Amino acid sequence: QVQLVESGGGLVQAGGSLRLSCAASGISSSVNNMAWYRQAPGKQRELAAVIFSGGSTNYGDSVKGRFTISRDAAKNTVYLQMNNLRPEDTAVYYCKVVSQAAYYWGLGTQVTVSS
């Protein structure tokens, strides 16, 4: 029973910070690749950040230098630290785990950045 539970979303002013959490169960978030995607209203879903099983990370150009993805293997949880937030970052943020056999999505958490 794979489940990804996201938390930490909310309303924040431009320039502020927010930390999203993705708690995994039924699947390992450390031996598999984990990613954060986001989707704004009327826009396509885009990759924000990915952390691979070996620990390497990649970021979308729009968030590079401002967002940091990390994991806590003991808690089976992946985080997305978001700094210097902009109104353009307003979106639903989704957690995703990719294994060799399948992929799973969380239900998403809303992030709203006011100007």
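This text gives an overview of the structure that appears in the document. (Residues numbered from 1 in each chain as written. Predicted model: local features only at pLDDT ≥ 70, side-chain atom pairs only at ≥ 80, totals over all residues. Heavy atoms only, no water.)

**Considering the environment of Val5**
Worth spelling out the cut-off: Strands are runs of DSSP state E lasting at least two residues, helices are runs of H or I lasting at least four, and both sets are numbered from the N terminus onward.
The residue Val5 is located in strand E1 (residues 3–7) in this model. The sequence separation of Val5 and Gly54 amounts to 49 residues, and the corresponding C-alpha distance is 23 Å.

**Notes on the environment of Ser17**
For clarity, the threshold we go by: Type-normalised accessible area, obtained with a 1.4 Å probe on protein chains alone, sets the label of each residue: buried when under 20%, exposed when over 50%, and partly exposed for intermediate values. Throughout, a residue-residue contact means that at least one pair of heavy atoms, one from each residue, lies within 4.5 Å.
Mapping Ser17 onto the fold places it in the loop between strand E2 (10–13) and strand E3 (18–25). Residue classification places Ser17 among the partly exposed positions, given a relative accessible area of 39%. Distance in space between the C-alpha atoms of Ser17 and Val78 is 17 Å, their sequence separation being 61 residues. If near-sequence neighbours (up to four positions away) are discounted, Ser17 is found in contact with Val12, Gln81, Met82, Asn83, Asn84 and Leu85.

**Some remarks on the sheet that holds strand E8 (residues 77–82)**
Within a sheet, adjacent strands bond to each other through the backbone by hydrogen bonds, running parallel or antiparallel. The cut-off we apply is this: Pairing between strands is defined by DSSP: at least two bridges between the two strands are required. Orientation is described by axes fitted as lines to C-alpha atoms, over the contacting stretch for helices, and by angles from 0 to 180 degrees between their N-to-C directions.
The strand order across the open sheet formed by four strands is E1-E3-E8-E7, and the pairing between neighbours is antiparallel. Unpaired on one side and paired on the other, E1 and strand E7 (67–72) mark the two borders of the sheet. Strand-to-strand twist in this sheet, taken as the mean axis angle between neighbours without regard to direction, amounts to 15 degrees.

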